[in-house]
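A closer look at the structure
Each chain, letter by letter, is given below.
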Amino acid sequence: QVQLVESGGGLVQAGGSLRLSCAASGRTYSVYYMAWFRRPPGKERDFVGSISQNGAITYYADSVKGRFTISRDNAKNTVYLQMNSLKPEDTAVYYCAAAQTVIPTRVPADFRSWGQGTQVTVSS
């Protein structure tokens, strides 16, 4: 399995931006379907977005569509989550995850590797 480490979280005012990074170990990173999830305070984990192995196809939750962008750099074994126009309701711990599948999915159980999470707090 691939090891994942997120970074880039922090405190930002509403309307601001943050970029999260997820660095992966392992030579076969490019075969993994990658996704971002988040867990708001006191709530369950939610799907944020995902990206195909070659980066050509992305999916987003309706709540972040148009504001968040997922990208990946397979040469750097890294996936990114650019978050713009942040809202207080975006406050959560953000996790990246990897799945060995070519079929797009947003089901957490399909992802075998998870990072430790990075806190994003958006103040109003």
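Residues numbered from 1 in each chain as written. Predicted model: local features only at pLDDT ≥ 70, side-chain atom pairs only at ≥ 80, totals over all residues. Heavy atoms only, no water.

1. Regarding the environment of Val2
Condition: Helix numbers and strand numbers start at the N terminus; a helix is a DSSP run of H or I with at least 4 residues, a strand a run of E with at least 2. Whether a residue is buried, partly exposed or exposed follows from its accessible area with a 1.4 Å probe, protein chains only, as a fraction of its type maximum: under 20%, in between, or over 50%, in that order. Here, two residues are considered to be in contact whenever any of their heavy atoms come within 4.5 Å of each other.
With respect to the helices and strands, the residue Val2 is situated in the segment before strand E1 (4–7). Since its relative accessible area comes to 6%, Val2 is described here as buried. Residues Val2 and Ala97 lie 95 residues apart in sequence; the distance between their C-alpha atoms is 9.4 Å. Not counting the four nearest positions on each side in its chain, Val2 is found in contact with Ala24, Ser25, Tyr32, Ala98 and Ser113.

2. Some remarks on the side chain of Asp90
Spelled out, the test is: Polar contact is the term for a pair of N or O atoms within 3.5 Å; when the atoms are in protein, one must be able to donate a hydrogen and the other to accept it, and sequence-neighboring residues count only if both atoms are side-chain atoms.
As for its placement among the helices and strands, Asp90 is situated in the loop between strand E8 (78–83) and strand E9 (92–99). Reaching out from Asp90, the side chain makes a polar contact with the backbone nitrogen of Lys87 at a distance of 2.8 Å. Once residues within four sequence positions are removed from consideration, Asp90 is found in contact with Arg38, Arg67, Phe68, Ser85, Val120 and Val122.

Keep in mind these values describe shape, not function.
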